[in-house]
Structures are given as structure tokens and as C-alpha cells.
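Breakdown of the fold
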Amino acid sequence: MYDQRWGREGRRERRGPFPGGFDEWSGGRGMGRGRGGRGHRGRRGDVRAAILALLAERPMHGYEIIQEISERSGGLWRPSPGSVYPTLQLLSDEGLVASTGSGAGSRRAFELTEEGRAEAAKQETPPWEEVAGQVDPQDVELRTAMAQLASAVVQVAQAATPAQKTKSVDTLNETRRAIYAILGSTDDE
């Protein structure tokens, strides 16, 4: 159940189950793609190069390209439709890709032209590997753990009894203090 409140910019916006809304609970940064979150804004790769590399393997439609990039980067990079579809159009205008299947009920698939195959062959490293190579594995573990904790807290907020909520708040406060204690300690301790 959501409560409608005025947003920070004076517009109506949906708020999550937390007092003050999910974004305020998370420091205003959003918490992944959960309720009220604005989505994780990770590192960006070269969308053009990624599209060329994927289409060199087989024809794909736009959503499939987004899914493949996300999967191949281990979830670290998920380009938005607002970056993929205009890039596909640009590549089409340049004569590097051609679209097929514009009939009713079918998605437009894109495939490389001969010029596109030549352009794709110039790439040495797939862009999703470059993005994944720039990320510290501990950062990924920390992000995953935080997302799992946030998911558990949302479940508590939505389904727990008042006693369970009280116990969860106490546990979260203890956890927060423990994390700050880790930051305050030296690596030798």
C-alpha cells in the first residue's frame, strides 16, 4: 500500500512503505530497481561497440540487446532503451545495420550489413568486458549484499507484525553501528 505525498520538486510522486519514502530512507540515492528507487546507475560502456559485437553473432531486437549486455557484464552495465534504440537508428542511418520483421506483433530485429561486419571486426575487446574489468569484485559483493538487505527490509515493512518490525529496526540499528565501527577501525585490528 502506497501513500501519496508531495515530492521534493513540488510534484506528486509515489512513495514506498517507509516513513518519508524509500528514497529518503536510502539517502536519496535510490536502491536499485526496487519500489521507489531510481535504478542503479552503474558504469557505462560503449553502446555502439556493444551493439556491433552482439549483432556480429546473430540478429537481435533491441530488448534482447539490452538483456545480453546486462548478462555478459554480470549485471554491472544495463544500457537503457533510451541509449540502445537511438544508437540502433544511428547505425541504420550509417548503413551498418538493417532491420527486419516490422510486421504486426513481431519485434524489429536488427542484423549487420557487410559494412557493419567490417566495423565489428575492428573491435578487439567486447565493451562489456571492459566495464566488468573496471569494477572491484568486493564492490560487487557489497552491492549484492546491500540489495539483498534492502529487499528483506521491504518485505518486513510490508508483511511483518509490529513486534517483528520493532525487532528488525533494532537489528538494523545494531548493524549500522557495527558497519561504522568497521570504518572507524584500522585494517590491522
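Residues numbered from 1 in each chain as written. Predicted model: local features only at pLDDT ≥ 70, side-chain atom pairs only at ≥ 80, totals over all residues. Heavy atoms only, no water.

Turning our eyes to something else, we now look at the sheet that holds strand β5 (residues 109-112). Pairing in this open sheet of three strands is antiparallel, and the strands run β3-β5-β4 from one edge to the other. At either end of the open sheet lies a strand with only one pairing partner, and these are β3 (60-61) and β4 (97-100). Each of β3, β4 and β5 touches helix α2 (residues 47-57); the most contacted strand, β5, lies at about 90° to it. (Pairing = 2+ DSSP bridges. Helix = DSSP H or I, 4+ residues; strand = E, 2+ residues; numbered from the N terminus. Contact = heavy atoms within 4.5 Å. Axes fitted to C-alpha atoms, helices over the stretch in contact; angles between N-to-C directions.)

What follows covers the environment of A109. Inspection of the secondary structure puts A109 in strand β5. When the C-alpha atoms of A109 and S99 are compared, they prove to be 5.5 Å apart, with ten residues separating the residues in sequence. Ignoring anything within four residues of it in the chain, the contact list for A109 reads M60, H61, A98, S99 and T100.

Glancing now at the pattern of salt bridges. Evaluated as defined, the whole model comprises six salt bridges. Of the charged contacts in the structure, one is a salt bridge between R58 and E64, with a shortest N-O distance of 2.6 Å. Residue R58 is classed as partly exposed on the basis of its relative accessible area of 34%. (Salt bridge = Lys/Arg side-chain N within 4 Å of Asp/Glu carboxyl O. Buried < 20%, exposed > 50% of the residue type's maximum accessible area, 1.4 Å probe, protein only.)

On to the pairing of β5. Taken together, the two bridges between β3 and β5 define a ladder with antiparallel strand orientation. Bridge pairing in β5 links M60 to F110. Note that β4 and β5 share four bridges and pair antiparallel. Paired with T100 across the strands is A109, a residue of β5.

Another aspect to go through is the nonpolar core. By size, the foremost hydrophobic cluster in this structure holds 24 residues, and its most contacted members are I51, L55, I65, W77, V84 and L88. If you list the elements that add at least two residues to this core, you get α2, α3 (62-72), α4 (81-93), β5 and α6 (127-133). Element by element, the count of residues in this core is highest for α2, at seven residues. Non-local contacts of I65, meaning those with residues more than four positions away in its chain, are made with I51, L54, L55, M60, V84 and L88. (Core = buried A, V, L, I, M, F, W, Y, C linked by side-chain atoms within 4.5 Å.)

This next bit is on the confidence of the model for the chain. Confidence in the prediction of the chain, expressed as mean pLDDT, is 77, and 71% of residues score 70 or more. Overall, residues 1-43 carries pLDDT values under 50, and its contacts beyond four positions in sequence, including any with other chains, amount to 70 contacts. (pLDDT = per-residue confidence, 0-100.)

Further remarks concern the packing of α2 against helix α5 (residues 114-121). One can describe the packing of α2 onto α5 by two numbers: an axis separation of 9 Å at closest approach and a directional angle of 110°. Taken together, α2 and α5 sit at an angle that is classed as roughly perpendicular. The element α2 and its partner α5 pack so that their crossing is left-handed. Across the interface between the two elements, R48, L52, L55 and A56 from α2 touch G116, R117, E119 and A120 from α5. The class makeup of the residues in the contact of α2 with α5 is four nonpolar, one polar and three charged. (Parallel < 35°, antiparallel > 145°, perpendicular 65-115°, else oblique. Left-handed = near helix turned anticlockwise from the far one by under 90°. Nonpolar A, V, L, I, M, F, W, Y, C, P; charged D, E, K, R; others polar.)

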